[in-house]
Amino acid sequence: MNNKYDKTKGHIAILMANVIFGLGVPVTKALLDDWVGPMGYMASRCVGATLLFWIVGYFMPKEHVERRDLITIMAGGLLGFFISQTLTAEALKYTTPVYFSLIAALTPVSVMILAAFFLRETITGVKTLGVVLGIGGALLMLYMSWTGSTGGSNDLLGITLAVLSVLTWAIYLIITRKVSAKYSSVTQMKYVFLVSTIVTVPIALFTEPHQRLYSAAWEWSGVVEMAFIVLLATGLGYFLIPYAMKFLKATTVSIYTNIQPVVASLVAIAVGQDVFTWDKPLAGIMVLLGAYIVTMPEKKEERAVDDKS
């Protein structure tokens, strides 16, 4: 922790990961608008990521996964990737990248609320303020979508699906918390994407047999966009985060997630996927400030970390 060079590498890695994830939102929107349906997008991402992680895993030290843990990983994968990311794809059909990315930034708030409800974890007064701010920002977005003054085809439905996506991802983080500490990210992702592929591909073939990206009408722009999602937003991103966590505290890593909605919003507005309205910066400040407060350690926690360093 005292090595400045290692810390610098960690900051660069986590910055790159969150910029990539932020760019992934407008890229996904472009794919859904022009090239694939939601299930076609999911099947493509699952197959590509499965091949990528199993190939990489072949060259890495083998880890024995206990049967109970394997069930948890695969069940969590269905919830945290298949269901959550399917809801994400559906949400981006109806709402704008800006609204979606701001809802996604509520993940720390959602995890804290669910942990308090299911695990009886205490929410302090300061963190309650963060929860209130985050929920307030979400309610502002829902109100604006209800008034019909936003840019998506059905923002109310899109934001609702985005909230469900965040909640399912938060549940996944909670139920796989212990397992995630036991195995490498590559080992976990091998099985997460494998089970997601087994479920997703048959559904995609049945419900969306004709995908423009996989027809005679394909173009290189669609191929490049899908390659970005599979290789960078899925593959590289999942490598950079655990790498950064070797050198940085978890709270530092979590704070960097606030970069994602900023990148997604700026790019989406720049390429014409979204428009600037007064509520978006206000909702953004509320959500990001709420997420920041929730992820900041208490003074006692900070002293405990410092004592261990």
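Residues numbered from 1 in each chain as written. Predicted model: local features only at pLDDT ≥ 70, side-chain atom pairs only at ≥ 80, totals over all residues. Heavy atoms only, no water.

On to the overall build of the protein, then. If you tally the helices and strands in the protein, you get 14 helices and zero strands. The order of helices and strands in the protein, counted from the N terminus, is α-α-α-α-α-α-α-α-α-α-α-α-α-α. Whereas a compact globule of 309 residues would reach a radius of gyration of roughly 19 Å, the protein reaches 19 Å, a difference of no more than 12%. In terms of its C-alpha atoms, the protein occupies a principal-axis envelope of roughly 60 × 50 × 40 Å. Within the protein, the proportion of its 309 residues that are buried is 48%. Sequence separation of 24 or more characterises 90% of the internal contacts of the protein that already satisfy a separation of 6 or more. Roughly 15600 Å² of accessible area belongs to the protein as shown, and the carbon and sulfur atoms make up 69% of that amount. Between the centroid of the 23 positive side chains of the protein and the centroid of its 19 negative side chains there is a distance of 9 Å. (Helix = DSSP H or I, 4+ residues; strand = E, 2+ residues; numbered from the N terminus. Rg over C-alpha atoms; globule rule 2.2 N^0.38 Å. Buried < 20%, exposed > 50% of the residue type's maximum accessible area, 1.4 Å probe, protein only. Contact = heavy atoms within 4.5 Å. Areas by Shrake-Rupley, 256 points an atom, 1.4 Å probe, with all protein chains shown as cover. Lys, Arg positive; Asp, Glu negative; His and termini not counted. Charge placed at Lys NZ, Arg CZ, Asp CG, Glu CD.)

The next thing to look at is the pattern of salt bridges. Here the structure, examined in full by the defined rule, presents four salt bridges. Among the salt bridges present, the one from Asp69 reaches Lys182, with a minimum N-O distance of 2.6 Å. Here the residue Asp69 occupies a position in helix α3 (residues 67–94), and Lys182 occupies one in helix α8 (residues 177–182), the gap between them amounting to 113 residues. Overall, the relative accessible area of 8% leaves Asp69 in the buried class. Residue classification places Lys182 among the partly exposed residues on the basis of a relative accessible area of 43%. A salt bridge links Glu219 to Arg212; the shortest N-O distance between them is 3.9 Å. On the basis of relative accessible area, Glu219 is assigned to the partly exposed category, the value being 42%. One salt-bridge network, held together by shared partners, links Glu66, Asp69 and Lys182. (Salt bridge = Lys/Arg side-chain N within 4 Å of Asp/Glu carboxyl O.)

This next bit is on empty space enclosed by the protein. This structure, assessed with the given rule, holds one cavity of 30 Å³ or more. The space that makes up the largest cavity amounts to roughly 40 Å³. Considering the residues around the largest cavity, the lining is formed by Gly80, Phe81, Trp169, Tyr172, Met189, Val192, Phe193 and Tyr238. Taken together, the elements giving at least two residues each to the lining of the largest cavity come down to α3, α7 (155–175) and α9 (185–207). Considering every element that reaches the lining of the largest cavity, the biggest residue donor is α9, with three residues. (1 Å grid on protein atoms, 1.4 Å probe; cavity = no way out; pocket = protein on both sides within 12 Å on 5 of 7 lines; lining within 4 Å. Points joined across faces, edges and corners; volume = space filled by probe spheres on them.)

What follows concerns the packing of α3 against α9. Closest axis-to-axis distance for the α3/α9 pair is 8 Å, and the angle between their directions is 55°. Considered as vectors, α3 and α9 are oriented oblique to each other. In terms of crossing hand, the pair formed by α3 and α9 is right-handed. Contacts between α3 and α9 pair Leu70, Ile73, Met74, Gly77, Leu78, Phe81 and Phe82 from the former with Gln188, Tyr191, Val192, Phe193, Val195, Ser196, Val199, Thr200 and Ile203 from the latter. Residues belonging to the contact of α3 with α9 are distributed by class as follows: 12 nonpolar, four polar and no charged. (Axes fitted to C-alpha atoms, helices over the stretch in contact; angles between N-to-C directions. Parallel < 35°, antiparallel > 145°, perpendicular 65-115°, else oblique. Left-handed = near helix turned anticlockwise from the far one by under 90°. Nonpolar A, V, L, I, M, F, W, Y, C, P; charged D, E, K, R; others polar.)

One pass over the structure, following the stated rule, counts six aromatic pairs. When the centroid spacing of 5.5 Å and the interplanar angle of 80° are considered together, the rings of Trp54 and Tyr191 count as edge-to-face. Placement of Trp54 in helix α2 (residues 38–58) and of Tyr191 in helix α9 is noted, with a sequence separation of 137 residues between them. Residue Trp54 is classed as partly exposed on the basis of its relative accessible area of 33%. Members of the aromatic cluster, connected to one another through ring pairs, are Phe53, Phe81 and Phe193. Taking the ring centre of Trp35 as reference, the NZ or CZ of Arg212 above it sits at 4.2 Å. Above the plane of the ring of Tyr99 lies Lys280, whose end atom (NZ or CZ) is 5.2 Å from the centre. (Phe/Tyr/Trp six-rings, centres within 6.5 Å; stacked < 30°, edge-to-face > 60°. Lys NZ or Arg CZ within 6 Å of the ring centre and 35° of its normal.)

What follows covers the packing of helix α1 (residues 4–34) against α3. Packing of α1 against α3 leaves a shortest axis separation of 9 Å and a crossing angle of 75°. One element, α1, and the other, α3, form an angle in the roughly perpendicular class. In this structure, α1 contributes Val25, Thr28, Lys29 and Leu32 to the contact, and α3 contributes Ala89, Leu92 and Lys93. Class assignment of the residues belonging to the contact of α1 with α3 gives a composition of four nonpolar, one polar and two charged.

Moving on to α3. The end-to-end C-alpha separation of α3 is 40 Å, in line with the 40 Å expected for 28 residues at 1.5 Å each. Maximal helix bending in α3 amounts to about 30°, located at Gly77. (Expected span 1.5 Å × (residues − 1). Bend = angle between axes of the 7 residues up to and from the residue.)

Position of Leu119 relative to the elements: it lies in the loop between α5 (107–118) and α6 (125–147). Separated by 18 residues in the primary sequence, Leu119 and Ser101 have C-alpha atoms spaced 27 Å apart. Apart from residues lying up to four places away in sequence, Leu119 is in contact with Leu114, Ile174 and Arg177.

Turning our attention to a nonpolar patch on the surface. A cluster of nonpolar side chains, contributed by Val47, Leu51, Ile55, Tyr58 and Phe59, occupies part of the molecular surface with about 590 Å² of accessible area. You can see Leu51 is positioned in helix α2. (Patch = residues over 30% accessible without salt bridge, like charges linked within 9 Å, V, L, I, M, F, W, Y side chains within 5 Å.)

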